[in-house]
Each structure stands twice: as C-alpha cells, then as structure tokens.
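Okay, here's what each chain looks like letter by letter:
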Amino acid sequence: MNASNGTTSRLASILKHGHFAVTTELGPPKNADPEIVRAKARVLRGCADAVNITDNQTAIVRMSSIAAGVIAAQEGLEPVIQMTCRDRNRLAMQSDLLGAYALGMRNVLCLSGDHQTFGNHPQAKNVHDIDSMQLVQMVVGLRDRGCFQCGEEIKGDNPRFFVGAAENPFGDPFDWRPYRLAKKAKAGADFIQTQLVFNVPRFREFMRRVVDLGVTEKLSILAGVGPLKSPAAARYMRDQVPGMDVPDEIVERMEAAGRGIEDKKARTAAYRETGIQICVEMIGELREIKGVAGIHLMAIEWEDAVPIVTERAKLLPRPTLEPETSACPPPH
Amino acid sequence: MTAINAPVVETAGDDLNIVAFCCHYCAYAAADMAGSLRMQYPQSVKVVKLPCTGKLDVQLILDAFEHGADGVMIAGCMEGDCHYQQGNLNAKRRAAYSQDLLRSIGLEAERVRMFNMSSAMANRWAAAVTEMDETVRKLGPSPLRRGMKSAARKSSAENSSAENSS
Amino acid sequence: MIVAEQKPLAEIRELLGNAKRVLVVGCGTCVTVCFAGGAKEAGVLGSLLRMGAQLDGSAKDVSEVTVQRQCEREYLDGIREQVDEADAVLSIGCGIGVQAIAEQFPDAVVVPGLNTSFLGKPAAHGEWVERCAACGNCLLGVTGGICPIARCAKQLLNGPCGGSSKGKCEVGTGDSKPDCAWQLIYDKLKAQDRLHLITEVAPPKDWRTSRDGGPRRIVREDLKLPSTGGQK
C-alpha cells in the first residue's frame, strides 16, 4: 500500500497494518463559529481512525473543509479534507493543498461535488476545471513527482497526502462502475469511500467484480454505512436521492419500528434505535466481504450516533499505533 | 409575411366587427347551409374563407385586431375529421398562442375563439356566431378601436380617408 | 445552429422605452429555424408593439425588415436607410446580429429582443437541445460522438459522477432532466466495442482554446483579400 510514500497519515498506517479501518464525517457549520466544530470533534474523538470534513456538501456554503479540519485536529481528530471540483480551479486547489499540508492535514478526498443547483447558491458559476479523477492524479503528482500539475517542480516541502476518492457502487451505468474504479486506481488513489450501502447483495456483486479486476490490490475500499433516523429519511433516500439503492425491506423495517407507539418522543427513539441496529448489522455483513478494508460511517447532523454504532459493532477501541505514525498533534 | 396594409374598417354606429376565418370544407359549408335555411343569427360576423384553418397564421389574427376587429372566430372541421388531416389542430395551437399574445398586451383572450363543426351543422354555425357575438359584446369594442375612431374622425375632419396604421 | 428565444414582451417594451420609431430587424438564418427571430416573428412582434403602444396611449411607429444573415456586413448594408430613420433598432437576431448592427451603425440605439442561449439542434418540432460548447478543441472522436463538455453538467472527462441514475443526470426534474452524457458515451462505445477509448484516465483539459482563454479569433491567411481603399 502507498502509506510508505512518506505520508504520516494515521489512516494510511491503520490500513497498512491490516486493521479494519473506520472513518466518519463531521459537517462544518453554516457560520464562522469554531466551537461548533470543537463540540462535534469531542463527540467523535476516539471513534474513528480519521474523520472526513465535508466541503460545501450539497452545494450549501459551510465553513471550509481545511479550516474546520485544522480546528478538528486541535481537538485530537485526524481529518480527511474533502475537495470538490465544483468550486475551485486547479490553481486554487493546489494553493489550498499546499496550505492544508502546512497546517498539518494529511488526507484528502477528491470529489466531483453535487451540482450547485441543489444548494443555496444555484446562481453561481460552477468551475469543473478538472474532474475528480484528474484531481486524484494531481494530488498524487504533488506527492510522488514533487511537481505541480503544470509540470513545474516544487522546490522545498511538497505536500504528501494520502489520497482518496469516492465511488458509488449503485450508480449507473452499473456495469461500468468497477472499471471506473480501476481508472481511479490507475490515477493513483490510495483509498476509496463508497456511497451508503443498504443493498448488501448488490454491493457484494460490485465488490466481486472489483476484486476480479485487481483493484483491491492497489487501493483500500471503505464501505459507506449510516444509521437511518426515521422511515421518512429511508423513503427520501430511496425515492429522491439519485444513485441510492435502499431496499424496501429496510424501509418497511423502519416503519414497523414505530407501529403501536403513541407517544411521539418514544416513537422517534424507537426509529433511531432501529436505524442504529440496522447499521450495526450492516457493518457485520460488510466486514465479511472480500476486499472491504473498512467502513466509512456517515451520520450527518447525528454525530452522537457514531460512538453508539462503533461501540455496538465492536469497533472500539481503535487500534493504537507507534507514536511516529500518529499524525495528529497532541490535544492541548 | 408582411402585415396586411389595409384601411381601418369603420362600421356603422356601435356595431361589432367580428372576423370569422372559416375553412372551405366544413365551416364555410355549414355557414352556407345556415344561410339557405334562413337561420337567424347576429350580423356582426364577416366571413373570410380559407382552404383550411391550417392556413391560418398568428399574424392574420393580429392583423385583424390591428385593423379594427373586436373579435376573431376560427371555424374548422371537427377534430379528427380535418380535410387536410391536422390543419385544424395546427389552428388550435395557433389560436391558443394568439390568446397568450393578446394577454401580453392587455387585450382579453376571449376575443379569439375556435369552433369545430361539420359541413352539415348549420345550427352549430349559428350557435357559434351567437356565442361569439355575445362574448365580444360583453367585452365591448376592442380598446384599440377607441384610438382608431378618434384618429379616423380627426383625419376625416381634415378631409382625407382613414389613416393606414403604421 | 444557434438557438435563442424571445425575451418577454414586457422586457422588450421596457428596453425600447419612449422610442417613437422602431425598426424590428429579423434574421433569416438560425433564429428563423428556431422560430425566435425570423420574418414571421418580426411581423408578430411589430404588431404587438404597435398595438401595445396604442393601448397605453404612447403610439409607436414600428416597421419590420428581415435580412438573410444579420451577422454579415454586406446584408446589413441594405438596411442603412431604415436604421437611420429609426429612434431604436430592435434586433431579433442572435447576440452576434445585435452586435453586428451596433458595430455597423454606430449612431443607432440597438436593443436585443432575444436571449441567445446555446449551440444545439432540434430534438423534435418545437424542442431544441444543447450539443456544443465551442470549446475550441473537439474531442468527439474519443467519446463516441457525444460531447461531455456540452452535455455533462460537470464537464467531466472521466465520468460519470456518482449522481448518474437510470441514464439521467442528477440535475433537473422530470422531463427537464438531461440524459447522463457519460451513460450515452458508455452505451455507444460498448455497442461499438470501443471501450478502450475510456479506460485510461483522460488528462485535464487545456481551456485556453475555450472562452476561458479570452475572446477568440480565427484568421485564415489564405482567404484574406488584398486591402482596397474604403473597406472597413
């Protein structure tokens, strides 16, 4: 694996040592308050090997991933900076990456980005100077060739990130997805985080093809999982979110959880309990699939669920590593 | 297609100007039969015969209004029975579009209306004309005519015929 | 072809303001075939402007003329007198036509009657779709004849993104959802057994040949005429 290329990423080390990795997400606030980031970070500390800091997710303006990542690192987390191709051109990207590395960031996830019509600034011009695959290539180039995208050599410290990308196993065209993942491996991606998995059989099929193509020898795949909050959330994901596959059994199970419970508070609690339970079971199944190197636990705006899920799925405590490989500065 | 260059039609008293574009095969025949049967219906309608209502251009409708029409009727074959297959369906689309155009300048869309009939339906013709007359009478003369009337009076006072508009 | 649509009448009337003598200039090429600014449309617009003005008591003298191609000097020469007589020229050519008139008749007040939208083709009678982004470096040869710059909402060269679903792009709703360009590219290349064209990572695009490089210009030395006195 590529952790030996000079990154001091904890996530890279965990994967290199063959541990089943756990990553999760922290959504920055829609304001300039660092305390919100700190509070979320404290909830997540110790539950995961690295925490993704989202980048204007669903094209809604939030505190920047790098800034929030630096704050989170001060609270003892290892961040995975996310960068979309929607908002920045190659100059801004490389500039931000130089700064992020200088500030101690060690992991970056390269994304296309949701279209800005989904967000709160639909009138904006979108950038898409390069796409997510070219971004992976570019970040790998900064590390391995010590060159900017234009070919110019970086004199002095070059950023050496552990590079990730996303893949949606349930997106169309289904047949092409494993090959596209192979392209990301060719581009030099070190790890992949997938879209939320609810349809395990279909995911199993996807992984079978991916393993066949030899992709898992080049990169580590973390399967996306997430606890459902309510049947409405399940239905929304099934019907409104493109590229998501939520089987009807799961929606029904969520609906059944609240039946017969009159009190609204108790019903909400029952839904959440079932959502967590389904997630824990899912993790158990995914661990058994060949080629799955870890999980990416997404509980957006429900960060409190992360310690519960990881505890019940017997993923805690996270492995300790040799001091040299730990990337985070000690918390003050 | 250039707009029709024609003098503004000045009618006697307060009577209405309704132009009826009729297709040769059905509507005109129906109108003819109504005449032969001596059916009674309002006199405000002036018939313009077209080979098919599909010949109708939006420009013709606008020209009619520009030159003093208070209402425009389009009468064609029954849907599905157009002698030229779909001419009346094309006319239907254009009639609807011309209603939008009239609305965009503040004229009432009801001043344009399409009717369908077969060549034997003399009573349908009479009913259509009656309905159209009633609708337009309720709306009153076209607001465009007010300007035209005063212009016409002004120029006849100056001893020339009604001005061409534009 | 260039595809445009008429601005709302209210906007056109506002742009014309108090101009008393208006010349509507149509174009006989692209905007005729997308039913936005041809002779018919010029006639209809002329009628509406006259009637509209009359109804609110302002009275405008509106005439219409349509030239074969509004972007070319020689065709505009023929309307010089009419332009000179007008207070305002309402061009219902594409944005190029509007500017050509403004350049050729510097004293004229020219306003646009259309919103020029894209380069595209008719998908059906009454429906036009975007096909070309004029990027200046055509890559259709490696994408099976389907353009990801014009037809992918994110201009991906290594698509699709995770939002492609059932052959549709994540953008838009219902009928307005575009096809996923990369689904189309994949289907085409697969059917033609040419998937090898997209198995390697396509490198970043050089956007200099596109609008990003600045306003563009093409010169063909072999076509340039020896300059004669008096030609602009």
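All figures in this text were calculated on a predicted structure; none of them were measured in a lab.

What counts and what doesn't
Residues numbered from 1 in each chain as written. Chains lettered and ligands numbered in written order. Predicted model: local features only at pLDDT ≥ 70, side-chain atom pairs only at ≥ 80, totals over all residues. Helix = DSSP H or I, 4+ residues; strand = E, 2+ residues; numbered from the N terminus. Rg over C-alpha atoms; globule rule 2.2 N^0.38 Å. Buried ≥ 20, exposed ≤ 12 C-beta atoms within 10 Å, placed from the backbone. Contact = placed C-beta atoms within 7 Å. Pairing = 2+ DSSP bridges. Right-handed = clockwise from strand over helix to strand, strands pointing away. Nonpolar A, V, L, I, M, F, W, Y, C, P; charged D, E, K, R; others polar. Axes fitted to C-alpha atoms, helices over the stretch in contact; angles between N-to-C directions. Core = buried A, V, L, I, M, F, W, Y, C linked by C-beta atoms within 7 Å. Expected span 1.5 Å × (residues − 1). Arc of directions from axis to C-beta. Parallel < 35°, antiparallel > 145°, perpendicular 65-115°, else oblique. Left-handed = near helix turned anticlockwise from the far one by under 90°. pLDDT = per-residue confidence, 0-100.

Asker: What is the right way to read the overall build of chain C from this model?
Answerer: The helix and strand inventory of chain C stands at eight helices and seven strands. On C-alpha atoms alone, chain C measures out to a radius of gyration of 22 Å, which is more than a quarter above the 17 Å that the 2.2 N^0.38 rule sets for 232 residues. In chain C, which comprises 232 residues, the share counted as buried stands at 41%. Taking all contacts inside chain C whose residues are at least 6 apart in sequence as the whole, residues at least 24 apart take part in 55%.

Asker: Just checking my understanding: could you explain the overall build of chain A for this structure?
Answerer: Within chain A, the secondary structure is distributed over eleven helices and eight strands. Against the compact-globule benchmark of 20 Å for 332 residues, chain A has a radius of gyration of 19 Å, which places it among compact chains. For chain A, the proportion of its 332 residues judged to be buried stands at 52%. Within chain A, counting contacts between residues at least 6 apart in sequence, those at least 24 apart form 79% of the total.

Asker: I would appreciate a short explanation of the pairing of strand E3 (residues 79–84) of chain A in the present structure.
Answerer: In the case of a regular strand, side chains alternate between the two sheet surfaces. All names here are of chain A. The element E3 is extensively covered by neighbouring structure, given that six of its six residues are classed as buried. Judged by which residues are buried, E3 turns out to be covered on both faces: Pro-79, Ile-81 and Met-83 on one side and Val-80, Gln-82 and Thr-84 on the other are all buried. Bridge analysis of strand E2 (residues 50–53) against E3 gives three bridges, and the strand direction is parallel. Bridge pairing in E3 links Asn-52 to Val-80. With helix H3 (residues 65–74) bridging E2 and its parallel neighbour E3, the resulting β-α-β unit is right-handed. For E3 and strand E4 (residues 107–111), the ladder comprises five bridges, and the chain directions are parallel. Paired with Ile-81 across the strands is Val-108, a residue of E4.

Asker: Just checking my understanding: could you explain the interface of chain C and chain A for this structure?
Answerer: It is common to give the size of an interface as the accessible area that goes away when the parts come together. With 23 residues of chain C at the contact, the number on the chain A side is 25 residues. Of the residues that constitute the side of chain C that touches chain A, the class distribution is eleven nonpolar, nine polar and three charged.

Asker: Explain the sheet that holds strand E3 (residues 61–67) of chain C here, please?
Answerer: Think of a sheet as strands paired side by side through backbone hydrogen bonds, with each pair either parallel or antiparallel. All names here are of chain C. The four strands lie next to each other as E3-E2-E4-E5, forming an open sheet whose pairing is parallel. Here the strands that pair on one side only, and so sit at the sheet edges, are E3 and strand E5 (110–112). When the angles between neighbouring strand axes are averaged without regard to direction, this sheet yields 25 degrees. With seven bridges joining them, strand E2 (residues 21–27) and E3 adopt parallel strand pairing.

Asker: Would you explain the interface of chain C and chain B in this entry?
Answerer: If you look at the interface, chain C gives 16 residues, while chain B gives 18 residues. Looking at the side of chain C that touches chain B, the element that brings in the most residues is helix H3 (residues 39–55) of chain C, giving twelve residues. Broken down by class, the residue content of the side of chain C that touches chain B amounts to seven nonpolar, six polar and three charged.

Asker: I keep staring at the environment of Gly-76 of chain B and nothing clicks. Help me out?
Answerer: Residues and elements named next belong to chain B. Note on placement: Gly-76 falls in strand E3 (residues 71–76). Distance from Gly-76 to Cys-22, taken between C-alpha atoms, is 6.1 Å for residues 54 residues apart in sequence. With near-sequence residues (within four places) excluded, Gly-76 lies in contact with Cys-23, Cys-26, Ala-27, Thr-53, Cys-82, Asn-88, Ala-91, Met-114 and Asn-116.

Asker: Help me understand the nonpolar core, please; the structure alone is not making it clear to me.
Answerer: Nonpolar side chains tend toward joint burial in soluble globular proteins. If you look at the biggest cluster of nonpolar residues, it comprises 94 residues, and the most contacted ones within it are Ala-72, Val-108, Cys-110, Val-136, Val-139 and Val-225 of chain A. Counting 92 residues, the second largest nonpolar core, distinct from the first, contains Ala-27, Ala-29 and Ala-75 of chain B together with Leu-23 of chain C.

Asker: Would you explain the pairing of strand E8 (residues 292–297) of chain A in this entry?
Answerer: All names here are of chain A. In terms of burial, E8 is largely enclosed, as five of its six residues are buried. Of the pairings in the sheet, the one linking strand E1 (residues 21–26) to E8 comprises four bridges and is parallel in character. Bridge pairing in E8 places Thr-24 opposite Leu-297. The pairing of strand E7 (residues 220–225) with E8 spans five bridges and is classified as parallel.

Asker: What is the right way to look at helix H4 (residues 90–102) of chain A in this model?
Answerer: Each turn of an α-helix holds 3.6 residues, which means side chains three or four residues apart point in the same direction. All names here are of chain A. When the terminal C-alpha atoms of H4 are compared, their 18 Å separation across 13 residues agrees well with the 18 Å that a helix rising 1.5 Å per residue should span. Among all positions in H4, only Met-93, Gln-94, Leu-97, Ala-100 and Tyr-101 are buried. End-on, the buried residues of H4 take up no more than an arc of 125 degrees, which puts them together on one face. Within H4, the exposed residues directed more than 90 degrees away from the buried face are Leu-91, Ser-95 and Ala-102. Remark: Gly-104 follows H4 within two positions and exhibits a positive phi of approximately 100 degrees.

Asker: When you look at the packing of helix H5 (residues 132–144) of chain A against helix H6 (residues 177–187) of chain A in this model, what are you seeing that I'm missing?
Answerer: In a pair of packed helices, the angle between the axes and the distance between the axes together describe the arrangement. All names here are of chain A. Between H5 and H6, the shortest axis-to-axis distance is 8 Å and the interhelical angle comes to 20 degrees. Considering the angle they form, H5 stands roughly parallel to H6. For H5 against H6, the interelement crossing comes out right-handed. Here Met-133, Val-136, Gln-137 and Val-140 of H5 lie close against H6, whose contacting residues are Lys-183, Lys-184 and Ala-187. In terms of residue class, the contact of H5 with H6 is built from four nonpolar, one polar and two charged.

Asker: Help me understand the confidence of the model for chain A, please; the structure alone is not making it clear to me.
Answerer: Low pLDDT means the predicted coordinates in that region are not meant to be read closely. Looking at chain A as a whole, its pLDDT mean stands at 92, while 95% of the residues score no less than 70. Under a pLDDT of 50 for its full length, residues 328–332 of chain A has, in the predicted model, nine contacts with residues more than four places off or in other chains.

Asker: So what exactly am I meant to see when it comes to the arrangement of the chains here?
Answerer: The interface with the most contacts, out of two pairs of chains in contact, is the one formed by chains A and C. Chain A shows no contact with chain B. Their nearest C-alpha atoms sit 28 Å apart.

Asker: Could you clarify how one ought to interpret the sheet that holds strand E2 (residues 45–50) of chain B in this entry?
Answerer: Residue and element names in this part refer to chain B. Sheet architecture is open: four strands sit in the order E2-E1-E3-E4, paired in parallel fashion. Where the open sheet ends on each side, the last strands, each with one partner, are E2 and strand E4 (112–116). Strand-to-strand, the axes of this sheet are offset by a mean angle of 20 degrees, without reference to chain direction. Pairing geometry for strand E1 (residues 18–23) and E2, over six bridges, is parallel. Across the sheet, residue Cys-23 finds its bridge partner in E2, namely Leu-50. Against the sheet, helix H1 (residues 27–36) engages E1, E2 and E3, with an angle of about 115 degrees to E1. Lying on the sheet, helix H4 (residues 122–139) is in contact with E1, E2, E3 and E4; it crosses E3 at an angle near 160 degrees.

Asker: Help me understand the packing of helix H8 (residues 231–240) of chain A against helix H9 (residues 248–258) of chain A, please; the structure alone is not making it clear to me.
Answerer: Residues and elements named next belong to chain A. Taken N-terminus to C-terminus, the directions of H8 and H9 make an angle of 160 degrees; their axes are 8 Å apart at the nearest point. Considered as vectors, H8 and H9 are oriented roughly antiparallel to each other. Between H8 and H9 the crossing geometry is left-handed. Residue-level contacts link Pro-231, Ala-234, Arg-235 and Arg-238 of H8 to Ile-250, Val-251, Met-254 and Glu-255 of H9. Classifying every residue of the contact of H8 with H9 gives five nonpolar, no polar and three charged.

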